[in-house]
Amino acid sequence: MTGFFRPALFLDRDGVLNEDRGYVHRWEDFRWIPGAREAVAAFNARDWWVFVVTNQSGVGRGYYPEDDVHALHARMLEELAAAGARIDAFYHCPFHPEALEDRYRHPDPPDRKPNPGMLLRAMAEWPVDTARSVMVGDKAIDVEAGRRAGVRALLFPGGDLAAFLAAAISED
């Protein structure tokens, strides 16, 4: 990607953008977190990159195919577009140390949070202003991944995502 450097908002998926109902992979099980679409639109308007970085060990564990992850993300993009918002890129990690299939088994996957691989990949592929970027997750592993990637990391306690981010991240 070419373009000018700008900050990135890295968002975990389950528990931040949508309710964490355990291995969400079908649209019929997907429920937006209050304020999620508005938060994405607000950061788009501020000219930030918006990336989703999500562990998807359900793929490696054999609970659902990787195609389900792509299909769910495509539906998210459709709904976001209808709300005047967009995700610039999705990064997911299907790998797990105890994966059923060899292709998904790795003792310590570099992309699996708390490792920072997905964030680092996004920063290598897009012109990201790392110093002004923020990772938002609902678990300690998300915060740790952000810290390891060298970005500010916030623990989302639940509630309205747009209100949380408006209070936590000042205007540039």
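Here the structure is shown first, and the text comes after it.
Residue numbers here run from 1 along each chain, matching the order of that chain's written sequence. Per-residue local features are limited, in this predicted model, to residues with pLDDT of at least 70; the limit for side-chain atom pairs, both in listing and counting, is 80 or more; totals at the level of whole chains, interfaces and linings are taken over all residues. Note: side-chain values were computed over all heavy atoms of the structure, leaving out hydrogens and water.

Student: Can you lay out the packing of aromatic side chains for me, pointing to particular residues and giving the numbers?
Tutor: Here a Phe, Tyr or Trp ring, Trp counted by its six-membered ring, pairs with any other such ring whose centre lies within 6.5 Å, and the pair is stacked when the planes are under 30 degrees apart, edge-to-face when over 60, and tilted otherwise. Taken as a whole and judged by the stated rule, the model has ten aromatic pairs. Between Phe 30 and Trp 32 the ring centres are 4.9 Å apart and the planes differ by 85 degrees, which places this aromatic pair in the edge-to-face class. Since its relative accessible area comes to 12%, Trp 32 is described here as buried. Chaining the aromatic ring pairs together yields one cluster made of Phe 10, Trp 49, Phe 51, Tyr 91 and Trp 126. Remark: a charge is flagged as sitting over a ring if the NZ atom of Lys or the CZ atom of Arg is within 6 Å of the ring centre and within 35 degrees of the ring normal. Taking the ring centre of Trp 49 as reference, the NZ or CZ of Arg 6 above it sits at 3.4 Å. Note on classification: 1.4 Å probe, protein chains only; a residue is buried when its accessible area is under 20% of the maximum for its type, exposed when over 50%, partly exposed between these limits.

Student: Residues and numbers for the nonpolar core, please.
Tutor: Buried Ala, Val, Leu, Ile, Met, Phe, Trp, Tyr and Cys residues that are joined via side-chain atoms within 4.5 Å together make up what is termed a nonpolar core. One finds Leu 9, Leu 17, Val 136, Leu 161 and Leu 165 to be the most contacted residues of the largest nonpolar core, which totals 30 residues. The residues touching Leu 165, leaving out its near neighbours within four places in the chain, are Leu 9, Ala 39, Phe 43 and Val 136. By size, the runner-up hydrophobic cluster in this structure holds 18 residues, among which are Phe 10, Trp 49, Trp 126 and Val 128. Whether two residues are in contact is decided by their heavy atoms, any of which lying within 4.5 Å being enough.

Student: How would you explain the layout of surface pockets if you had to name every residue and give the values?
Tutor: It is a probe the size of a water molecule, rolled over the atoms, that shows where empty space is left. Volume-wise, the largest pocket comes out at about 320 Å³. With a 1 Å grid laid over protein atoms only, a set of points is called a cavity when a 1.4 Å probe fits there but cannot get out and a pocket when it is open yet has protein on both sides within 12 Å along at least five of seven lines; lining residues have an atom within 4 Å of a point. Around the largest pocket sit 17 residues that line it, and Asp 14, Asp 20, Asn 55, Ser 57 and Lys 139 are the ones nearest its centre. Put simply, Ala, Val, Leu, Ile, Met, Phe, Trp, Tyr, Cys and Pro go in the nonpolar bin, Asp, Glu, Lys and Arg in the charged bin, and everything else, Gly too, in the polar bin. Class assignment for the residues of the lining of the largest pocket results in three nonpolar, six polar and eight charged. Grid points are joined across faces, edges and corners, and a volume is the space filled by probe spheres set on the points.

Student: Summarise the pairing of strand β5 (residues 152-155); cite the residues concerned and give the values.
Tutor: As paired elements, strand β4 (residues 134-137) and β5 share four bridges and run parallel to each other. In the sheet register, Met 135 faces β5, and the bridge partner there is Ala 153. The crossover handedness rule: strands pointing away from the viewer, path from first strand over the helix to second strand clockwise, crossover right-handed. Runs of H or I in DSSP of at least four residues are treated as helices and runs of E of at least two as strands, each being numbered from the N terminus. The β-α-β motif built from β4, the intervening helix α5 (residues 140-149) and the parallel element β5 has right-handed crossover chirality. Any two strands with at least two DSSP bridges between them are considered paired.

Shape is all these values report; function is a separate question.
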